[in-house]
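Fold and contact review
Residues per chain, in single letters:
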Amino acid sequence: MLLNIARRMSTVDIAALRIKYKEKKDIFHESTIEVKEPFSLFRKWFDEACNTPEIIEPNAMCLATATKGAIPSARFVLLKDITDQGFTFFTNYDSRKAHEIAENPNVALTFYWLPLRRSIRIEGSAEKISREESETYFHQRPRASQIGALASPQSQPIPSREFLDQKEQSIKDELGPDGVVPLPNWGGYLVRPRTVEFWQGQTNRLHDRIRFRQQLKDGEKVDGEVLHQGESGWFYDRLAP
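Residues numbered from 1 in each chain as written. Predicted model: local features only at pLDDT ≥ 70, side-chain atom pairs only at ≥ 80, totals over all residues. Heavy atoms only, no water.

Let's talk about the packing of aromatic side chains
As a reminder of what qualifies: Here a Phe, Tyr or Trp ring, Trp counted by its six-membered ring, pairs with any other such ring whose centre lies within 6.5 Å, and the pair is stacked when the planes are under 30 degrees apart, edge-to-face when over 60, and tilted otherwise. Numbered from the N terminus, helices here are DSSP runs of H or I no shorter than four residues, and strands are runs of E no shorter than two. When a residue's accessible area, from a 1.4 Å probe over protein chains only, is under 20% of the maximum for its type it is buried; when over 50% it is exposed; and in between it is partly exposed.
Under the criterion given, the structure shown has 18 aromatic pairs. Centroid distance phenylalanine 42 to phenylalanine 111: 5.2 Å. Interplanar angle 65°. Geometry classified as edge-to-face. Here phenylalanine 42, found in helix α2 (residues 38–50), pairs with phenylalanine 111, found in strand β5 (residues 106–113); they are 69 residues apart in sequence, far enough to count as distant. Phenylalanine 42 gets classed as buried once you look at its relative accessible area, which sits at 0%. Ring centres of phenylalanine 90 and tyrosine 137 lie 4.1 Å apart, and the angle between their planes is 20°; on these two criteria the pair is classed as stacked.

Below is the structure:
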């Protein structure tokens, strides 16, 4: 008991940590959504995030995957493309995330932009993009990043940091200053969303949550009060915080 008290006295009071979010005048209303489907709204919020100087990396997103046995894992990756088909990121196809996607293509993405007090949650399925698309993007990256991707056996145990440095130098020596870096077992995934939820924090903790989804549960019907018909085959509703 005394040990627990001592530990608490020597650390931050986590339970008391909180910041102010939006006020009532800034409530996120359905009426402010110009096009009632998630991609247009995502682009609007993403543009605002990109134009907010305090947000250093607006395309950083948490990617959650799971094994076929439903054991989850999560990590941050970078969004590299957004179309009306979905959201694209790149990784090593021998990485843990890639192996889990091969077993179970159901994934989730989360963006969190603290200065805007906003978050976006995406649930859907991931699929590899074409090798041609992956190769095109790979050779658009800085050359150092290309070599780094070729040098790293991502997610595999390695003996030391020096192992990576030596492998990187070996590739540089082999290719010379101008040699084309070959595409490793590396490429993109397109996440096709089934559900996209837009969250905006309120100081009174009555946060705004508006969800778009493509499929309804058995027995659900659009009533225009709770469940609404959106555009391009999407439905939307508001969730309690």
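Quick word on the side chain of arginine 118
Put simply, the rule reads: Residue contacts are counted whenever heavy atoms from the two residues lie within 4.5 Å of one another.
Within the element layout of this structure, arginine 118 appears in strand β6 (residues 118–128). Residue classification places arginine 118 among the buried residues on the basis of a relative accessible area of 12%. If we skip the residues at most four places from it in the chain, arginine 118 touches Trp45, Glu48, Phe111, Tyr112, Trp113, Trp199 and Gln200.

Observations regarding the layout of surface pockets
Basically, it comes down to this: Lining residues are those with an atom within 4 Å of a point, where the points come from a 1 Å grid over the protein atoms alone and group into cavities, where a 1.4 Å probe fits but cannot get out, or pockets, open sets with protein on both sides within 12 Å along at least five of seven lines. Grid points are joined across faces, edges and corners, and a volume is the space filled by probe spheres set on the points. Under the convention adopted here, Pro, Cys and the residues Ala, Val, Leu, Ile, Met, Phe, Trp and Tyr are nonpolar, Asp, Glu, Lys and Arg are charged, and Gly plus all remaining residues are polar.
Approximately 290 Å³ is the volume found for the largest pocket. Where the lining of the largest pocket is concerned, the elements lending two or more residues are β2 (72–78) and β4 (86–92). Considering only residue class, the lining of the largest pocket consists of seven nonpolar, four polar and three charged.

What about the pattern of salt bridges?
Definition in use: Just to be clear on terms, a salt bridge is a Lys or Arg side-chain nitrogen sitting within 4 Å of an Asp or Glu carboxyl oxygen.
Under the definition given, this model contains 16 salt bridges. The shortest N-O distance in the salt bridge between glutamate 100 and arginine 96 comes to 2.8 Å. Taken together, the residues glutamate 100 and arginine 96, both in helix α3 (residues 96–103) and four residues apart, mark about one turn of the helix. For glutamate 127, the salt bridge identified is with arginine 192, shortest N-O distance 3.0 Å. Here the residue glutamate 127 occupies a position in strand β6, and arginine 192 occupies one in strand β7 (residues 186–200), the gap between them amounting to 65 residues.

A short note on the UniProt feature "domain: Pyridoxamine 5'-phosphate oxidase N-terminal" (unreviewed entry) in the protein chain
Selection rule: UniProt positions are given in the numbering used here, feature names are shortened, and annotations may be inferred rather than shown by experiment.
With numbering aligned to this structure, UniProt lists the feature "domain: Pyridoxamine 5'-phosphate oxidase N-terminal" (unreviewed entry) at residues 55–166. Across residues 55–166, helical content stands at 28% and strand content at 38%; the span's end C-alpha atoms are separated by 35 Å.

Some remarks on the nonpolar core
For clarity, the threshold we go by: As used in this record, nonpolar core signifies buried Ala, Val, Leu, Ile, Met, Phe, Trp, Tyr and Cys residues forming a set joined through side-chain atoms within 4.5 Å.
If you look at the biggest cluster of nonpolar residues, it comprises 35 residues, and the most contacted ones within it are Phe42, Trp113, Ile120 and Phe198. Counting only elements with at least two residues in this core, the list comes to α2, β1 (60–66), β4, α3, β5, β6, β7 and β8 (208–213). With six residues, the single largest contributor to this core is α2. The residues touching isoleucine 120, leaving out its near neighbours within four places in the chain, are Phe42, Trp45, Leu109, Thr110, Phe111, Trp113, Val196, Glu197 and Phe198. Grouped together as the second largest cluster of nonpolar side chains are 12 residues, Ile129, Ile147, Leu183 and Leu190 included.

Quick look at the pairing of β4
Inclusion rule: We call two strands paired when DSSP finds no fewer than two bridges between them.
Here β4 lies mainly inside the structure; seven of its seven residues are buried. In the sheet, strand β3 (residues 81–83) pairs with β4 via three bridges, with the strands oriented antiparallel. By the bridge assignment, aspartate 81 is partnered in β4 with threonine 88. Count of turn residues in the β3/β4 antiparallel hairpin: two residues. Note: β4 against β7, six bridges, orientation antiparallel. Residue pairing in the sheet places asparagine 92 in a bridge with tryptophan 186 of β7.

Observations concerning the UniProt feature "domain: Pyridoxine 5'-phosphate oxidase dimerisation C-terminal" (unreviewed entry) in the protein chain
The feature "domain: Pyridoxine 5'-phosphate oxidase dimerisation C-terminal" (unreviewed entry), as annotated in UniProt, sits at residues 186–241 in this numbering. From the first C-alpha to the last, residues 186–241 spans 39 Å; its make-up is 0% helix and 50% strand.

Examining the packing of helix α5 (residues 143–151) against helix α6 (residues 161–175)
To keep things clear, this is the line we draw: In this analysis an axis means a line fitted to C-alpha atoms, helices contributing only their contacting stretch, and an angle means the value between N-to-C directions, from 0 to 180 degrees. By definition in this entry, angles of less than 35 degrees are roughly parallel, angles greater than 145 are roughly antiparallel, angles of 65 to 115 are roughly perpendicular, and the rest are oblique. Put simply, a crossing is left-handed when the front helix is turned counterclockwise from the back one by less than a right angle, and right-handed when it is turned clockwise.
With their axes 9 Å apart at the nearest point, α5 and α6 run at an angle of 120° to one another. One finds that α5 runs oblique with respect to α6. The way α5 lies across α6 gives a crossing that is right-handed. Note on element contacts: α6 touches α5 through Leu164, Lys167, Glu168, Ile171, Lys172 and Leu175, opposite Arg143, Ile147, Leu150 and Ala151. Across the contact of α5 with α6, the residue classes break down as six nonpolar, no polar and four charged.

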